[in-house]
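Remarks on the overall topology
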Amino acid sequence: MSEINEKELAEWPEGIKKTRQREAVFQILVSAKEPLSAHEIYRRMEQEKISDNYAISTVYRALTVFEEKGLVVKSTLMGDDTAVYAWNHGAHRHYAICLKCHKLVPLQSCPFEHMDMHTNDEDFQITGHKIELYGYCKKCKS
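Remember, it's a predicted structure, so these values are computed and weren't measured experimentally.

**Quick notes on the overall build of the protein**
- A tally of helices and strands in the protein yields five helices and five strands.
- When the elements of the protein are put in sequence order from the N terminus, they spell out α-α-α-α-β-β-β-β-β-α.
- When its C-alpha atoms are laid out on the principal axes, the protein stretches across 50 × 45 × 30 Å.
- The buried share of the protein, reckoned over its 142 residues, is 32%.

Set out below in structure tokens:
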């Protein structure tokens, strides 16, 4: 994922109605260093005092709009039915996930980055992939 710059934080996505609620979710996601659940986004909005007493359902509605436009990548981590969301900066990330505290540690690169992926079925077109590694972070291991 590329480093976030001030210009990207200020640029509102084209074709989406701008509301205070959506803008709050947008600011949290664009500046996040890791994928966040809707509840984590909501907590950050409260911590940064930008929640304006919104309900969690407001966060879910904003995420749905962003996801429908392809601006957010939604993932569900193994062993945890919680969906996490990351702003789509144009590059994808893979993570190592702590089985105890669920901390997400970004991998430095994609193992498939330089591979030409094929299937034996000519009618199947690969459009993406997902890699998750599981283990224990330094804190949970000790």
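**Notes on the packing of aromatic side chains**
- Under the defined criterion, the tally for this structure stands at four aromatic pairs.
- Relative to Phe26, the ring of Trp12 lies with its centre 5.2 Å away and its plane at 65°, an arrangement referred to as edge-to-face. Highlighted residues: Trp12 in the loop between helix H1 (6-10) and helix H2 (20-31) and Phe26 in helix H2, separated in sequence by 14 residues.
- Looking at Phe26, the relative accessible area reads 2%, which means it is buried.

**What to know about the packing of helix H3 (residues 38-47) against helix H4 (residues 56-68)**
- Taken N-terminus to C-terminus, the directions of H3 and H4 make an angle of 115°; their axes are 9 Å apart at the nearest point. Crossing handedness for the pair H3 and H4: right-handed. Contact residues: H3 offers Ala38, His39, Ile41, Tyr42 and Met45, while H4 offers Ile56, Val59, Tyr60 and Leu63.
- Looking at the contact of H3 with H4 residue by residue, the class counts come to eight nonpolar, one polar and no charged.

**So, the sheet that holds strand S5 (residues 132-135)**
- What the three strands build is an open sheet, ordered S4-S3-S5; its pairing is mixed. Looking at strand neighbours, the two that pair on one side only are strand S4 (104-106) and S5, the edges of this open sheet. Across the sheet, the mean angle from the axis of one strand to that of its neighbour is 25°, orientation sign disregarded.
- Where strand S3 (residues 95-98) meets S5, four bridges bridge the pair, whose relative direction is parallel. Its bridge partner lying in S5, Ala96 is registered against Leu133.

Rules used in this analysis
Residues numbered from 1 in each chain as written. Predicted model: local features only at pLDDT ≥ 70, side-chain atom pairs only at ≥ 80, totals over all residues. Heavy atoms only, no water. Helix = DSSP H or I, 4+ residues; strand = E, 2+ residues; numbered from the N terminus. Buried < 20%, exposed > 50% of the residue type's maximum accessible area, 1.4 Å probe, protein only. Phe/Tyr/Trp six-rings, centres within 6.5 Å; stacked < 30°, edge-to-face > 60°. Axes fitted to C-alpha atoms, helices over the stretch in contact; angles between N-to-C directions. Left-handed = near helix turned anticlockwise from the far one by under 90°. Contact = heavy atoms within 4.5 Å. Nonpolar A, V, L, I, M, F, W, Y, C, P; charged D, E, K, R; others polar. Pairing = 2+ DSSP bridges.

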